[in-house]
Amino acid sequence: MSLSPRRTLVTGGTVVSTTGATAMDVLVEGERIAALLAPGAGAGFTVDTTIDASGTYVLPGGVDVHTHMQLPFGGTEASDTFETGTRAAVWGGTTTIVDFAVQRTGEVVQESLAAWHEKAAGNCAVDYGFHMILGGVDDEALKAMDHLAEHEGISSFKLFMAYKGVFLSDDGQILRAMQQASSNGSTIMMHAENGSAIDVLVSQALARGDVDPVHHGLTRPAALEGEATNRAIALAEVAGDTPLYIVHVSASQALERIAEARSRGRNVFAETCPQYLYLTLEDHLAAPGFDGAKYVFSTPLRSKHENHARDLWKGLRTDDLAVVSTDHCPFCLKDQKELGRGNFAMIPNGVGGVEHRLDLVHQGVVDGQLSLQRWVETCATTPARMFGMYPQKGVIAPGSDADIVLYDPVATTRISAATHHMAVDYSAFEGFELTGGVRTVLSRGTVVLDRGVYTGRPGHGRFVRRGPSQYLR
Ligand code: URP
Ligand code: ZN
Ligand code: ZN
């Protein structure tokens, strides 16, 4: 019996990295990439399996650093479990997720983290890490940040400037958490919306009888995303240039503040999500009847008359937006979004998208918005570097995990709730017809999807311990 690791050869494809696209063979031994070889040179090796990658791009597996599997939120729970959500991720070529464990006021951070490990362990089809949401910044939580960064492989903490009574931290709490992050080398992720001002606008809208989903967007104006982003940047500067990562940027005003801070050399980074690149307040959130509830998430969709999406694509080109994540947080229309029929403020905030990120951003390549290299950079390499997982993840290189996607650039992908694999009863991108599609996915050397046949399993995915950001300036 041979004890040597299983060998797989991926041959005939074009390996795409942040620096180029080159015809190469990829040799996999066990769970890792062993070598990149000149085209055809792989034929000289004895292998167990050969995968014909002709006609495909060979990419590092997608890294989605913003998901919320089974998140308790808005009086219900996100409808994808770690099992269903990571299976859907595979279908979309994502082989690593970083989900958010949640600590609420009064909870012990380590206990909250343990609860999230329990939800995920043995259920994930792909590798996963955790950021920690701090909903109650106090002395204990601040101490716990050091412990998590040093001992638990959790090097990023999300704070909220909105959702009073649920997650909101005031400026003093934010400053203290940023000071702690500065000293322990972790990153602060910020949900940047001015929650107090939004709460006033929401109360006023409801008092007027403006209860439809569109008012979710109208009561969260872009200026309040810009203001909160600016405040977060100022607080991070005062705390000692704490690495700051602004999540789910949707407004040009926020992007301007980020770009300005970056032009001053600050450790300020940001992501956007496909929903903000393709969907608008008028065409989606303002859909007739209760249909707009499908598009209730925060930050909200923006007006198509203000060109936010144009600016976001530009931000992705200039690296003022470094990452595309999904903020995957699905709630079914039936029984979940419906909680807010007659009161938009009761609609659970969130949307599903973990399955479609690579395709939707690749469409940006097809449309001339992004280069092929930048697609790989924003969807795999930079997220891995940003959150301390590189070069284990995010790159096809000897020694890296063999997380590999074969992507057919001329396939057609049609998005529909009837065919998607996420556990949610609608798709925000229903009817989208995209050029390109995932053909084959390997997770740590194992084929988990091939030409429409899923061969993954819950429990294959392992927890990824992360270090400090590798993207600092
Ligand atoms: O609406 C959203 N984004 N729901 C998920 C929680 C968050 O703020 O990221
Ligand atoms: Zn958020
Ligand atoms: Zn989120």
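Residues numbered from 1 in each chain as written. Chains lettered and ligands numbered in written order. Predicted model: local features only at pLDDT ≥ 70, side-chain atom pairs only at ≥ 80, totals over all residues. Heavy atoms only, no water.

Student: Break down the coordination of the zinc ion (ligand 3) for me, with residues and values.
Tutor: Around the zinc ion (ligand 3), the protein supplies His 66 (NE2), His 68 (NE2) and Asp 327 (OD) as donor atoms, at distances of 1.9 to 2.1 Å. Classification of the site at the zinc ion (ligand 3) rests on its 4 donor atoms, whose angles at the metal span 87 to 131°, yielding the label tetrahedral. A distance of 4.0 Å spans the gap from the zinc ion (ligand 3) to the zinc ion (ligand 2). A residue pair is termed long-range when its members are at least 10 positions apart, and His 66 in strand E6 (residues 62-67) and Asp 327 in the loop between strand E15 (323-324) and helix H12 (357-366) qualify at 261 residues. Since its relative accessible area comes to 0%, His 66 is described here as buried. (Donors = N, O, S within 2.8 Å, 3.2 Å for Na, K, Ca; no water. Tetrahedral: all angles 85-135°; square planar, octahedral: opposite > 155°, others 65-115°. Helix = DSSP H or I, 4+ residues; strand = E, 2+ residues; numbered from the N terminus. Buried < 20%, exposed > 50% of the residue type's maximum accessible area, 1.4 Å probe, protein only.)

Student: Kindly report on the environment of Gly 459, identifying the contributing residues and their values.
Tutor: Mapped onto the elements of the fold, Gly 459 is located in the segment after strand E19 (453-454). C-alpha of Gly 459 to C-alpha of Gly 342: the two residues are 117 residues apart in sequence and 41 Å apart in space. If sequence neighbours within four positions are ignored, Gly 459 has contacts with Gly 122, Asn 123 and Cys 124. (Contact = heavy atoms within 4.5 Å.)

Student: Describe the site of ligand 1, naming the residues involved and giving the relevant values.
Tutor: If you check the shell around ligand 1, you find 13 residues, and the closest are Lys 158, His 191, Ser 298, Asp 327 and Asn 349. One of the side-chain nitrogen or oxygen atoms of His 66 is found 3.4 Å away from an oxygen atom of ligand 1. Protein contacts shield 99% of the accessible area of ligand 1, which totals 260 Å² for the unbound molecule. With respect to the pocket detection grid, ligand 1 is positioned in the largest cavity. Looking at the shell around ligand 1 residue by residue, the class counts come to 4 nonpolar, 7 polar and 2 charged. (Near = heavy atom within 4 Å. Polar contact = N/O pair within 3.5 Å; in protein donor to acceptor, adjacent residues only side chain to side chain. Areas by Shrake-Rupley, 256 points an atom, 1.4 Å probe, with all protein chains shown as cover. 1 Å grid on protein atoms, 1.4 Å probe; cavity = no way out; pocket = protein on both sides within 12 Å on 5 of 7 lines; lining within 4 Å. Sits in = over half its atoms within 2 Å of the grid points. Nonpolar A, V, L, I, M, F, W, Y, C, P; charged D, E, K, R; others polar.)

Student: Let's hear about the UniProt feature "domain: Amidohydrolase-related" (unreviewed entry) in the protein chain: which residues, and what values?
Tutor: UniProt's entry tags residues 57-448 with the feature "domain: Amidohydrolase-related" (unreviewed entry), counted in the numbering of this structure. End C-alpha to end C-alpha, residues 57-448 measures 17 Å, and it is 36% helix and 20% strand. (UniProt positions renumbered as here; feature names shortened; annotations may be inferred.)

Student: Let's hear about empty space enclosed by the protein: which residues, and what values?
Tutor: All told, the structure shown has 2 cavities of 30 Å³ or more when counted by the stated rule. The calculated volume of the largest cavity comes to roughly 140 Å³. Around the largest cavity, the lining is made up of 18 residues, and of these His 68, Phe 73, Tyr 163, Asp 327 and Asn 349 lie nearest the centre. Counted by class, the lining of the largest cavity contains 9 nonpolar, 7 polar and 2 charged residues. The volume enclosed by the second largest cavity comes to roughly 40 Å³. Along the walls of the second largest cavity sit Leu 59, Pro 60, Gly 62, Leu 358, Trp 375, Val 376, Cys 379 and Ala 380, which together make up its complete lining. Contributions of two or more residues to the lining of the second largest cavity are made by strand E5 (57-60) and helix H13 (372-386). Here the element with the most residues in the lining of the second largest cavity is H13; it accounts for 4 residues. A per-class count over the lining of the second largest cavity returns 7 nonpolar, 1 polar and no charged. (Points joined across faces, edges and corners; volume = space filled by probe spheres on them.)

Student: Just give me the short version of the sheet that holds E15, but keep the residues and values in it.
Tutor: Read from one edge to the other, the open sheet built from 8 strands follows the order E6-E9-E10-E11-E12-E13-E14-E15, with strand pairing classed as parallel. A strand with exactly one partner marks an edge of an open sheet, and here the two such strands are E6 and E15. Where strand E13 (residues 244-246) meets strand E14 (residues 268-272), 3 bridges bridge the pair, whose relative direction is parallel. Note that in E14 the partner of Leu 244 across the bridge is Val 268. (Pairing = 2+ DSSP bridges.)

Student: An account of unusual backbone geometry is requested, with residue identities and associated values reported.
Tutor: Note that the residue after Ser 298, namely Thr 299, is joined by a cis bond; omega there is 0°. The residue Thr 299 is located in the loop between helix H10 (281-285) and helix H11 (308-318) in this model. Here the amide bond leading from Tyr 390 into Pro 391 is cis, since omega sits at 5°, within 30 degrees of zero. For Pro 391, the location among the structural elements is in the loop between H13 and strand E16 (404-414). You will see that Asp 327, though not glycine, has its phi angle at about 50°, which is positive. The phi dihedral of Arg 451 is positive, around 45°, even though this residue is not glycine. The topology assignment puts Arg 451 in the loop between strand E18 (446-450) and E19.

Student: So, the packing of aromatic side chains: which residues are in play, and what are the values?
Tutor: Pairs of aromatic rings are described using the distance from one ring centre to the other and the angle between the two planes. Per the counting criterion, the structure on display carries 18 aromatic pairs. Here the aromatic rings of Trp 91 and Tyr 454 are separated by 6.4 Å at their centres, their planes lie at 15°, and the arrangement is stacked. Residue Trp 91 is found in helix H1 (residues 82-91), and its partner Tyr 454 is found in strand E19; the two are separated by 363 residues along the sequence. When its relative accessible area of 23% is taken as the criterion, Tyr 454 is described as partly exposed. Members of the aromatic cluster, connected to one another through ring pairs, are Phe 73, Phe 160, Tyr 163 and Phe 167. Of note, Lys 119 hangs over the ring of Trp 116, and the distance from its end group to the ring centre comes to 3.9 Å. (Phe/Tyr/Trp six-rings, centres within 6.5 Å; stacked < 30°, edge-to-face > 60°. Lys NZ or Arg CZ within 6 Å of the ring centre and 35° of its normal.)

Student: Can you tell me about the pattern of salt bridges, naming the residues and giving the values?
Tutor: Tallied over the entire structure, the rule returns 30 salt bridges. Between Arg 262 and Asp 320 there is a salt bridge, with the nearest N and O atoms lying 3.2 Å from each other. A residue pair is termed long-range when its members are at least 10 positions apart, and Arg 262 in helix H8 (residues 252-263) and Asp 320 in the loop between H11 and E15 qualify at 58 residues. In this structure, Arg 262 and Asp 320 share a single accessibility class: buried. Between Asp 335 and Lys 334 there is a salt bridge; the shortest N-O distance is 3.7 Å. No difference in accessibility class separates Asp 335 from Lys 334, as the two residues are exposed. One salt-bridge network, in which partners are shared between bridges, spans Glu 31, Arg 32, Asp 127, Lys 393, Asp 401, Asp 403, Arg 444 and Arg 462. (Salt bridge = Lys/Arg side-chain N within 4 Å of Asp/Glu carboxyl O.)

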